[in-house]
Amino acid sequence: MKCCFCCLLCIFLSFPLFPLKKYSRTGFSMGTVLTVQFFTEKRNGNILLDELFALASSYERLFSSKQTYGAVYQLNQKGGGVVDSQILSLLKEADYYYRFTGGAFDYGLYHLIELWHIETAEEPPLAAEVERMRQKSGAKLVEFSDDGTLTLKNGVQIDLGAIAKGEILGLLGEYLKQNSVNHFMINGGGDIVLSGLFNGKRVWNIALKDPFSNEGTVGYMGITDRTIVTSGSYERFFMDKQGVRYHHILSPETGYPVENGVHSVTVISSDPSKSDALSTALFVMGVEKGIPFVNTLKDVQAIFIGKNSDGEVWIRCSSGISYGKDEFGSPVFHFSGEDKILE
Ligand code: FAD
Ligand code: MG
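Being a predicted model, the structure only gives us computed values, none of them experimental.

Trainee: Is there a simple way to explain the pattern of salt bridges in this structure?
Mentor: It is possible for side chains bearing opposite charge to pair when their charged atoms get close. Applying the stated criterion across every chain, the model contains twelve salt bridges. Between E119 and K66 there is a salt bridge; the shortest N-O distance is 3.9 Å. Here K66 lies in the loop between α2 (45–63) and α3 (71–78) and E119 lies in the loop between α5 (110–116) and α6 (127–135), a separation of 53 residues in the sequence. The class of K66 is partly exposed, set by a relative accessible area of 47%. For R316, the salt bridge identified is with E288, shortest N-O distance 3.1 Å. One end of the pair, R316, is in strand β15 (residues 313–317); the other, E288, is in helix α9 (residues 287–295), with 28 residues separating them in the sequence. With relative accessibility at 57%, the residue E288 sits in the exposed group. Connected via shared salt-bridge partners are K66, E119 and R236.

Structure, rendered in structure tokens:
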């Protein structure tokens, strides 16, 4: 009898006391659109949304190298020195991925990024200028000391743009979990952190953007408790007078935008900053080097989309993902093996 009562109590406690309510807000953060959506039985969701957007602004002030108020911007101006512990921790993580990817992910490219100024440029910079900035770029010039100080040698400057967005989205997710909100999607300019279930009922359906079409998608995936981050050449780019396209992901070796036939790389893992850093690195590595690299990693999957020199579009997935059709004939990405996350 006592046992029955315990079972009933457990069943009762595993259901929310109130029906789940949806909260959602879209704003602007980190130079892009930030959307937060969650489901909870709590009734203070709007207060949580206020707190989340305030938190996003405070992290943006910390990690921005673009705006003069950014702590990383100020660190660059000072040429290093004592570093805030949160910045130091992300810098060390960035340094790990710099080494781990053989320099494809390079957080020391600020001078080159500023020189190209993809957001407003109309013409590429002079080759001599690219070479001059390349000489004083690269994470190899960043030196960490045991006392938490940073030395920026040869005038090198830091840009955490290819890892900090993932980090911030992950921190926002942690804040929701600390407040007992477990069913959420946080989307910062197409980089997505997922937890729990949509409406507490089913996994999230995430569509993957077609890099060759303004509105189109190449397929969807049913997924949860993962982060999906895409690095692409189709949003931040300019076209010069000759019609040559220049985008924002730079080869640390040449100082020029990467041209290897890849147009987007989507990385899926359980760690937001890892997904972010690796999506940029894999874009730089290219598909032939990138797929075998990902296949050696646990908890990481990747989808590459590109175009051959004869104009043919291709999609290639790491070994844990297959690309097919669902029962209605719609293109779908399936997960298998250790990373089986599709319901
Ligand atoms: P990702 O592939 O994740 O990153 C590409 C970006 O990383 C490039 O734009 C460049 O900045 C840098 N990069 C290029 N090549 C490499 C490489 N080989 N290795 C490592 N990094 C590389 N954008 C604005 O327009 N205005 C802002 O005020 C602004 N503020 C921001 C503040 C913060 C804290 C963050 C995190 C981002 C901000 N951004 C802003 C956006 C930022 O500049 C990048 O465009 C964005 O973070 C890149 O993300 P992505 O997903 O587009 O591409
Ligand atoms: Mg990235």
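Trainee: Sorry, what's going on with the packing of helix α4 (residues 85–100) against helix α7 (residues 161–178) here?
Mentor: Two quantities define a packed helix pair, namely the angle between the axes and the distance from one axis to the other. In contact at an axis separation of 11 Å, α4 and α7 are set at 125 degrees when each is read in the N-to-C sense. Between α4 and α7, the interaxial angle falls into the category oblique. Like other packed secondary-structure pairs, α4 and α7 cross with a definite hand, here right-handed. Facing Q86, L90, E93, A94 and Y97 of α4, the residues of α7 in contact are I163, A164, E167 and L171. Of the residues that constitute the contact of α4 with α7, the class distribution is six nonpolar, one polar and two charged.

Calculation rules
- Residues numbered from 1 in each chain as written.
- Chains lettered and ligands numbered in written order.
- Predicted model: local features only at pLDDT ≥ 70, side-chain atom pairs only at ≥ 80, totals over all residues.
- Heavy atoms only, no water.
- Salt bridge = Lys/Arg side-chain N within 4 Å of Asp/Glu carboxyl O.
- Helix = DSSP H or I, 4+ residues; strand = E, 2+ residues; numbered from the N terminus.
- Buried < 20%, exposed > 50% of the residue type's maximum accessible area, 1.4 Å probe, protein only.
- Axes fitted to C-alpha atoms, helices over the stretch in contact; angles between N-to-C directions.
- Parallel < 35°, antiparallel > 145°, perpendicular 65-115°, else oblique.
- Left-handed = near helix turned anticlockwise from the far one by under 90°.
- Contact = heavy atoms within 4.5 Å.
- Nonpolar A, V, L, I, M, F, W, Y, C, P; charged D, E, K, R; others polar.

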